[in-house]
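Fold and geometry: a report
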Amino acid sequence: MSKKRNKRKESIELATQAGATTEVVGRYGSASKQHLVAYSGQDNEVGKTLKRGLKKTSESKVNPEYREQNIKQQAGFAAEDKYTARQNAEKVINGDKTRYARTDDLGRVNDPLYDHILLDENGIEIPGTGEQMKFVGSSPKTCLNKLESKEFQKYLDADARITVPSDYYKDIIQEADNRILSLEKQLARAKENNNSELAESISKKIDKVHKIKKSVKNSGITNKDAIFARMHPKLSTAKDMVKISHRAGIEQAKTGALIGGSISLIKNVVAVSKGEKDATSAAKDFIKDTGKGAITAYATAFAGSAIKAGMQNSRNSTIRVISKGNAPAAIITSTIDVSKSLISYAKGDISGADCLAEIGEKGAGNMSAVMFSIVGQTIIPIPVIGAMVGSIIGYTLGSTFYNTLRASLKEAQVSHEKRIRVEKECTEAIEMISLYRAEMNALAQKYLSHYRMIFDETFRGLDEAFLSNDINLIIENSNKITIALGGTPQFHNMEQFNDFMESNENFNL
């Protein structure tokens, strides 16, 4: 197979990966956008300006004589923004339509009871969801003391949830249990002494501590997180976005390994059938391609979700509209694809003219892939599958259209001999595409009849796995081919794959 054809197939595979990431990039990108809103205080997508954001809070004045107190107070404001962003990011990822909002951002500045409330998908407050954030006290014990004071009684009376620093939460619960145990002993003694007045007073204290224990909620934000967000809002925002991008990458790597492995499986079965490869080489290439698919998918989803977040909250309405498709993922795969042409040119493998021609073709193909992935997802409303099919069609049609235009512009300069060669290659390509599946079945039956039962069993298993979206079953069935061809599977289930991706080991291709 010619180098040009190999490059074209690699580009189509990249377009496939881009299409397959549409749902994950969209979901995690929208989640990351929550942190950009919290930082800037501006939600450009809905045209809403918040009362403040991390950036504005970080610019607050500090009295040198009361620096520590001022920073801690302002860190409390920063914690409110971080909490809103993190809670809403998780809701986006999980497909939950409800959203947290700060009462200040709803026009209820300095609400006497609540800092946060939960809104339904129509933006209407859900009754009984009010929360008051309290980053108070120098320790969990002093924090609980403040919660027991008269000053905080109004929050308990209103049944408000009280969100506290995550580094305090467990110790507050433990301290509350200790106080309840101590008070219960005091109550028993008061009853033994027939001191009903004292017993009633102690009983009320027990009830209050019980209610505090029930009301407190882990905010998921430590005191250090809050202070860091106040002092370094950009870095704090970036850290949260990187974490979300990593999660997107890990989730998409599973699908990427599946795509890379599936494509490689077909290619290597055909290659072995033709005698172009031996079983051992085919098995090694299958493992290599599966790993490359996972890595490409991870990189695409990781960077794509970050780009999606920025585009979705852009001030430019056109960019926001573009972000709704799979353009963010396509930007990454296009960068990978085009860089290959530039590297080939730098090595002297292709001329400058060929380099520019390849970049033009890949650009046209990837733009078309973006459009058709949206169409594909609409026609085939199954996550990943519709967009993936659309991207393949879009890339192929886009590249073909580009090459047709390019050829027509050069037609007058092309020699008769060269035109004949080009036409011959086109004919061969069309025949290859139309006969690929038939050829594979025929060759497999002729030369690999002893593998036929394994192939049939594996493909039936893969069909079942695809329908049930069972990743472990997909890996299990794919491994049957690997073993039959003399290879050793590197991963046997997604747990092993995740452990590897989370480890610090290098991936050797």
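Above this note sits the structure.
Quick summary incoming for the structure in this document. Along every chain, residues carry numbers that run from 1 in the direction the sequence is written. The model is predicted, so local features are restricted to residues of pLDDT at least 70 and side-chain atom pairs to those at 80 or more, both for listing and for counting; the totals for chains, interfaces and linings are taken over all residues. Side-chain metrics in this entry use all non-hydrogen atoms of the structure; hydrogen atoms and water are not considered.

All right, on to the packing of helix α2 (residues 22-40) against helix α4 (residues 67-94) then. Put simply, α2 and α4 touch, their axes get as near as 8 Å, and they point 170 degrees apart. Judged by the inter-axis angle, α2 sits roughly antiparallel to α4. Every residue of α4 that contacts α2 at Arg27, Tyr28, Ser30, Ala31, Gln34, His35 and Ala38 is listed here: Asp81, Lys82, Ala85, Arg86, Asn88, Ala89, Val92 and Ile93. Convention adopted: a line fitted to C-alpha atoms gives each axis, helices being fitted over their contacting stretch, and angles between N-to-C directions are expressed from 0 to 180 degrees. Only DSSP runs of H or I reaching four residues or more are called helices, and only runs of E reaching two or more are called strands; each is numbered from the N terminus. Angle categories: roughly parallel below 35 degrees, roughly antiparallel above 145, roughly perpendicular from 65 to 115, and oblique for all the rest. By the convention used here, residues are in contact when the closest approach between their heavy atoms is within 4.5 Å.

This part covers the nonpolar core. Nonpolar side chains in soluble globular proteins tend to be buried together. Throughout this description, the term nonpolar core refers to a set of buried Ala, Val, Leu, Ile, Met, Phe, Trp, Tyr and Cys residues connected via side-chain atoms within 4.5 Å. When a residue's accessible area, from a 1.4 Å probe over protein chains only, is under 20% of the maximum for its type it is buried; when over 50% it is exposed; and in between it is partly exposed. Formed by 28 residues in total, the largest nonpolar core has its most connected members in Leu147, Ile162, Ile172, Ile202, Ile206, Ile212 and Val216. Of all the secondary structure elements, the ones that give two or more residues to this core are β4 (116-119), α5 (140-148), α6 (153-157), β6 (161-164), α7 (166-192) and α8 (196-215). Apart from residues no more than four positions distant in its own chain, Leu147 is found in contact with Lys134, Phe152, Leu156, Ile162, Lys208, Ile212 and Val216. If you look at the next biggest cluster of nonpolar residues, it comprises 10 residues, including Val25, Tyr28, Ile244 and Ala248.

This part is about unusual backbone geometry. Phi at Asp159 is positive, roughly 55 degrees, even though this residue is not glycine. Counting through the fold element by element, Asp159 comes out in the loop between α6 and β6. Phi at Asn194 is positive, roughly 60 degrees, even though this residue is not glycine. Counting through the fold element by element, Asn194 comes out in the loop between α7 and α8. The exposure class of Asn194 is exposed, given its relative accessible area of 69%.

This brings us to the pattern of salt bridges. Put simply, a salt bridge is a Lys or Arg side-chain nitrogen that is within 4 Å of an Asp or Glu carboxyl oxygen. In the structure shown here, the tally under the stated rule is 24 salt bridges. One salt bridge connects Arg52 with Asp104, and the closest N-O pair in it is separated by 3.9 Å. Of this pair, Arg52 sits in the loop between β2 (48-49) and α3 (54-58) while Asp104 sits in the loop between β3 (99-102) and β4, placing them 52 residues apart in sequence. In this structure, Arg52 and Asp104 share a single accessibility class: buried.

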